[in-house]
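Breakdown of the fold
Listed here are the chains, written in short residue letters.
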Amino acid sequence: MENKVNKRKFIGEVISVGMDKTVVVKITAKKLHPKYRKRYLVSKKYQVHDEKGQTKLGDKISFV
């Protein structure tokens, strides 16, 4: 029997390519304040492995 793990898939923009085989990707999401019902932006940065080094600054990429 196989164990299937549901992994989250992200889509973001490359904001740094300074490291070797690693890029920094920024994910931006809109959230709604529960009381005031106003939308606001939240963002988070992830370090993503790039084996071939083919991504450039400003590229949109998806990763798991």
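Structure first, text after, so check above.
For the structure given in this document, a descriptive report is provided here.

Thresholds, definitions, all that
Residues numbered from 1 in each chain as written. Predicted model: local features only at pLDDT ≥ 70, side-chain atom pairs only at ≥ 80, totals over all residues. Heavy atoms only, no water. Helix = DSSP H or I, 4+ residues; strand = E, 2+ residues; numbered from the N terminus. Polar contact = N/O pair within 3.5 Å; in protein donor to acceptor, adjacent residues only side chain to side chain. Contact = heavy atoms within 4.5 Å. Buried < 20%, exposed > 50% of the residue type's maximum accessible area, 1.4 Å probe, protein only. Pairing = 2+ DSSP bridges. Axes fitted to C-alpha atoms, helices over the stretch in contact; angles between N-to-C directions. Lys, Arg positive; Asp, Glu negative; His and termini not counted. Salt bridge = Lys/Arg side-chain N within 4 Å of Asp/Glu carboxyl O.

Some remarks on the side chain of Thr55
Structurally, Thr55 is set in the loop between β3 (39-49) and β4 (60-63). A distance of 3.0 Å separates a polar atom in the side chain of Thr55 from a polar atom in the side chain of Asp50. Residues contacting Thr55, with those up to four places away along its chain left out, are Val17, Val23, Asp50 and Ile61.

Comments concerning the pairing of β4
Residues Ile61 and Phe63 of β4 are buried on one face, while the alternating residues Lys60 and Ser62, pointing to the opposite face, are not. In the sheet, strand β1 (residues 10-19) pairs with β4 via 4 bridges, with the strands oriented antiparallel. What sits directly across from Ile11, in β4, is Ser62.

Some remarks on the sheet that holds β3
A sheet is described by the order of its strands in space; here 4 strands give the open sequence β3-β2-β1-β4, paired in antiparallel fashion. Whereas interior strands pair on both sides, the edge strands pair on one side only; in this sheet they are β3 and β4. The sheet shows a mean angle of 45 degrees between the axes of neighbouring strands, direction not considered. Bridge analysis of β1 against strand β2 (residues 22-32) gives 4 bridges, and the strand direction is antiparallel. Its bridge partner lying in β2, Glu13 is registered against Lys26.

Brief notes about the side chain of Asp50
Tracing the sequence through the fold places Asp50 in the loop between β3 and β4. For the buried Asp50, no salt bridge exists, and the shortest N-O distance to an oppositely charged side chain is 8.2 Å, to Lys52. Not counting chain neighbours up to four residues away, the residues in contact with Asp50 comprise Lys21, Thr22, Val23 and Thr55.

So yeah, pure geometry; function would need other evidence.
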